[in-house]
Amino acid sequence: GAGVSQSPSNKVTEKGKDVELRCDPISGHTALYWYRQSLGQGLEFLIYFQGNSAPDKSGLPSDRFSAERTGGSVSTLTIQRTQQEDSAVYLCASSLVLAGDQQFFGPGTRLTVL
Amino acid sequence: SQQGEEDPQALSIQEGENATMNCSYKTSINNLQWYRQNSGRGLVHLILIRSNEREKHSGRLRVTLDTSKKSSSLLITASRAADTASYFCATVRTDSWGKLQFGAGTQVVVTP
């Protein structure tokens, strides 16, 4: 079946604007994860969902970042009032259950904040 | 913060040679996983080793885990140009189920 998809693949925005990044997990996967990869910080965990709830939001860098998941499927990561340090590749992953097993990653969204 | 540290940071070898990279971590883990990334985009899962396992094989990959030293190694045998990629170890900690904590990665270049 289809893998994890993310949109857009690239996003260029101006400082101060809001952006929304979308993730479509593999059908039937109950767990969904967001990570961020940047040159200075490597791969960082942001947030995960079990179904529609997010038990662990500890990785969100600031209150400008939020995420939601509806219907146990699609998730949206929203960054408000973007800053240049938000520039990174945002990766989404999903797994069948939240069991610490392998995660299937999407191709990522490259965000550039000018 | 990153859980793991990997060495070397970069590795350049010729086709047919073996490539070995190491990963160290700091806390108690449930399992350790290795992922490959091409061209800075999506990661592909390679292999998972659980905390009660010491060695695991998958094709040309061999992973070892030493929980007493909190370290793991990934060996790629008979490397190919297509193995050129960045390799990351990631741990699932016993106190934070589900999320992966990644090392800094090893960039491997295999020349024909």
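Structural data are supplied above this passage.
These lines cover the structure that appears in this document, whether it is placed above or below. (Residues numbered from 1 in each chain as written. Chains lettered and ligands numbered in written order. Predicted model: local features only at pLDDT ≥ 70, side-chain atom pairs only at ≥ 80, totals over all residues. Heavy atoms only, no water.)

## Focus: the sheet that holds strand β6 (residues 55–58) of chain B
Residue and element names in this part refer to chain B.
And step 1. Reading across from one edge, β1-β3-β8-β7-β6 is the order of the five strands in this open sheet, with antiparallel pairing throughout. Among the strands making up the open sheet, the edge pair consists of β1 (5–7) and β6. Across the sheet, the mean angle from the axis of one strand to that of its neighbour is 15°, orientation sign disregarded.
And step 2. Where strand β7 (residues 61–66) lies against strand β8 (residues 71–76), six bridges are found, and the strand directions are antiparallel. Within the sheet, the bridge partner assigned to leucine 61 lies in β8 and is isoleucine 76. (Pairing = 2+ DSSP bridges. Helix = DSSP H or I, 4+ residues; strand = E, 2+ residues; numbered from the N terminus. Axes fitted to C-alpha atoms, helices over the stretch in contact; angles between N-to-C directions.)

## What about the environment of proline 55 of chain A?
All names here are of chain A.
And step 1. Residue placement: proline 55 occurs in strand β6 (residues 53–56).
And step 2. For proline 55, a relative accessible area of 55% translates into the label exposed.
And step 3. Here proline 55 is in contact with Tyr48 and Gln50, once residues within four sequence places are set aside. (Buried < 20%, exposed > 50% of the residue type's maximum accessible area, 1.4 Å probe, protein only. Contact = heavy atoms within 4.5 Å.)

## Section: the environment of isoleucine 13 of chain B
Residue and element names in this part refer to chain B.
And step 1. Mapped onto the fold, isoleucine 13 is located in strand β2 (residues 10–14).
And step 2. Classification of isoleucine 13 as buried rests on a relative accessible area of 8%.
And step 3. Sequence spacing of isoleucine 13 and arginine 80 is 67 residues, and the spatial spacing of their C-alpha atoms is 9.6 Å.

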